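Tertiary structure, described
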Amino acid sequence: MRKLISLLTALIIFSGAYSQAVYNITPYPNSLIAQSGNFNFKNSITVSYDKEFSSEIGIFKDLFYNQFCINLINSTSGDIKITKSKTLQEGSYNLTVEKGGIKIESGSKSGSFYALQTLRQLITLQSDGSYNIPACTIADSPAFVWRAFMLDESRHFKGKEIVKKMLDQMALLKMNVFHWHLTDDQGWRIEIKKYPLLTQVGAWREKTQLKYAPKDSARVYYDYPHGGFYTQKDIAEVVEYALKRHIMIVPEIEMPGHATAAVASYPWLSASGDIIKVTGDFGIFKSTYNVADEKVFTFLTDVITEVMALFPSKVIHIGGDEVKYDEWNASKEVKELMAKEGLKNPSDVQVFFVNRMSKFFDTKGYRMMGWNEIMGKNIHEWSAEENSQQTLSKNSIVHFWKGEPALLKQALEEGYDVVNSNHWDTYLDYTYTRIPLEKAYNFSPIPQGLDPKYSKNVLGSGCQMWSEYIPKVSDLFRQVFPRVAAYAEVGWTKSENKDFSRFLNSLNVLKRYWDTQGITYYPDYAK
């Protein structure tokens, strides 16, 4: 009985009010027409559906019961009727709520899943203990195919239960790409069976920098070890969990820079061969893979082959950002490679390497993705290197995060598929002063002044939770919530259908739901 009362209380909190004909849906549908009346029911509701939607129904049976104490019961003629449409595209759905019942049309399993998430957000508890769903007609589809949230676990490892919790929130918000940053200087978080030292050594560090400090002498540390990694069994479990929620996981395996943890495990991977430890400091480090050594290329393709076996996403992110060229400039092998291949500078070496990896991806039926440095353009104030004269493989996905808007437009105009994650607009580790909620909400993945004919090359956007200074789960939640809801609407709702005031009203309902889930959001987001 106590559990039942608790669940009913949670439902009231989630609903926000009794018997209001309101449409608190996040992200907001691209077409919603309010109708008069409600569909009313007690503690159970029947559903009939085409067989291909059975896995979605299984998930929502659990969700409806755990969140609302509502039993979703199979029937040949259900209160909710879910049918297959031959005309609706992937992710699209039509939802009609009338006094006599509910109809859902979908052309895909993901569309039926999103329709049920919308329906879930429309349920309200009445004062007499019944439930209402306000009548409406919705015709909905996503604005962008790529609606991503990124979690960096190299810097601070959180574990699979927290990852699953984040996947649940992504699913509620119709986000469909989980970008999983698994390797970097501060830790290697994925088991690679052929190279066990990557996790035996590379997953652990002795101490961790506590807060940002530009000078080494001013740095303060947590003086205790930090580490952890995912076994391949763990990875398979999380991938399956995500797939059931129509979320594609894109792993990031950093190369050729951000390689400290890997080099600490196998020193022969770097051009210098120096014996180093996994660092607990944050910043940009010189450890870089020796891309002129065939043994190193074999290592990287071996690693990616094991990663491909774990992730059916057909897209793998290689990072490619913030590469320091010190070791390459001092390497005899790299100089010989440059002479042999006619490469003029280290930026050419980087693009040459990236293209070689891209060809390997192509042979496996995968696409390579990387931060926009993979195009060979110098975007960093700390580097004096010239731009590359090499041309990036056209099958690569460019993940724009930094640089002049002209570089983003150039990539689109040259025909590259681009995900826009401009750091000034999408980095969740930034403060709410730097990226307030309204700025996050108003972000557009399509750059101003872009010729409309190139808009098709904008796959969408991602919001990034870099974890250098978020050691605790509460820190993670504070930085992510509620901004992740704004980014969800950036990805789903067309710009002409967005309304920040309406979004804030719906956000109040989400906040009450997050309270029941133990998710602590940033309290002063409206300032």
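Structure's up top.
Description of the structure in this document.

Cut-off values and rules
Residues numbered from 1 in each chain as written. Predicted model: local features only at pLDDT ≥ 70, side-chain atom pairs only at ≥ 80, totals over all residues. Heavy atoms only, no water. Helix = DSSP H or I, 4+ residues; strand = E, 2+ residues; numbered from the N terminus. Buried < 20%, exposed > 50% of the residue type's maximum accessible area, 1.4 Å probe, protein only. Contact = heavy atoms within 4.5 Å. Phe/Tyr/Trp six-rings, centres within 6.5 Å; stacked < 30°, edge-to-face > 60°. Lys NZ or Arg CZ within 6 Å of the ring centre and 35° of its normal. Right-handed = clockwise from strand over helix to strand, strands pointing away. Pairing = 2+ DSSP bridges.

**Comments concerning the environment of Phe503**
Position of Phe503 relative to the elements: it lies in helix α17 (residues 500-516). A relative accessible area of 0% means that Phe503 is categorised as buried. When near neighbours in sequence (up to four residues on either side) are disregarded, Phe503 contacts Thr26, Leu437, Tyr441, Ala485, Ala486 and Glu489.

**A few points about the packing of aromatic side chains**
Enumeration over the complete set of coordinates arrives at 34 aromatic pairs. Between the aromatic rings of Phe41 and Tyr131, the centroid separation amounts to 5.3 Å while the plane-to-plane angle is 20°, which identifies the pairing as stacked. Linking Phe41 in strand β1 (residues 32-41) with Tyr131 in strand β8 (residues 131-140), this pair joins segments that are 90 residues apart in sequence. Exposure remark for Phe41: the relative accessible area of 6% places this residue in the buried category. Feature note: the residues Phe60, Phe64, Phe68, Phe113, Tyr114 and Trp492 constitute an aromatic cluster, connected by ring pairs. Over the ring of Trp382 we find Lys324, and its NZ or CZ is 5.7 Å from the ring centre.

**Notes on the pairing of strand β10 (residues 177-181)**
Burial of β10 is extensive: five of the five residues sit out of reach of the surface. Side chains Val177, His179 and His181 project from β10 onto one buried face, and the interleaved Phe178 and Trp180 project onto a second face that is buried too. Crossover strand β9 (residues 146-152) to β10 through helix α4 (residues 160-172) is right-handed. Here β10 runs beside strand β17 (residues 248-255); their pairing, made up of five bridges, is parallel. Considered in β17, the bridge of Trp180 is made with Pro251.

**Side note on the pairing of strand β18 (residues 315-319)**
As a general feature of sheets, a regular strand has side chains that alternate between the two faces. Most of β18 sits inside the fold, with five of its five residues counted as buried. Relative to β18, β17 is paired through two bridges, and the arrangement is parallel. Of the residues in β18, the one forming a bridge with Glu252 is His317. When β18 meets strand β19 (residues 367-371), the two strands line up parallel, connected through three bridges. Residue pairing in the sheet places Val315 in a bridge with Arg367 of β19.

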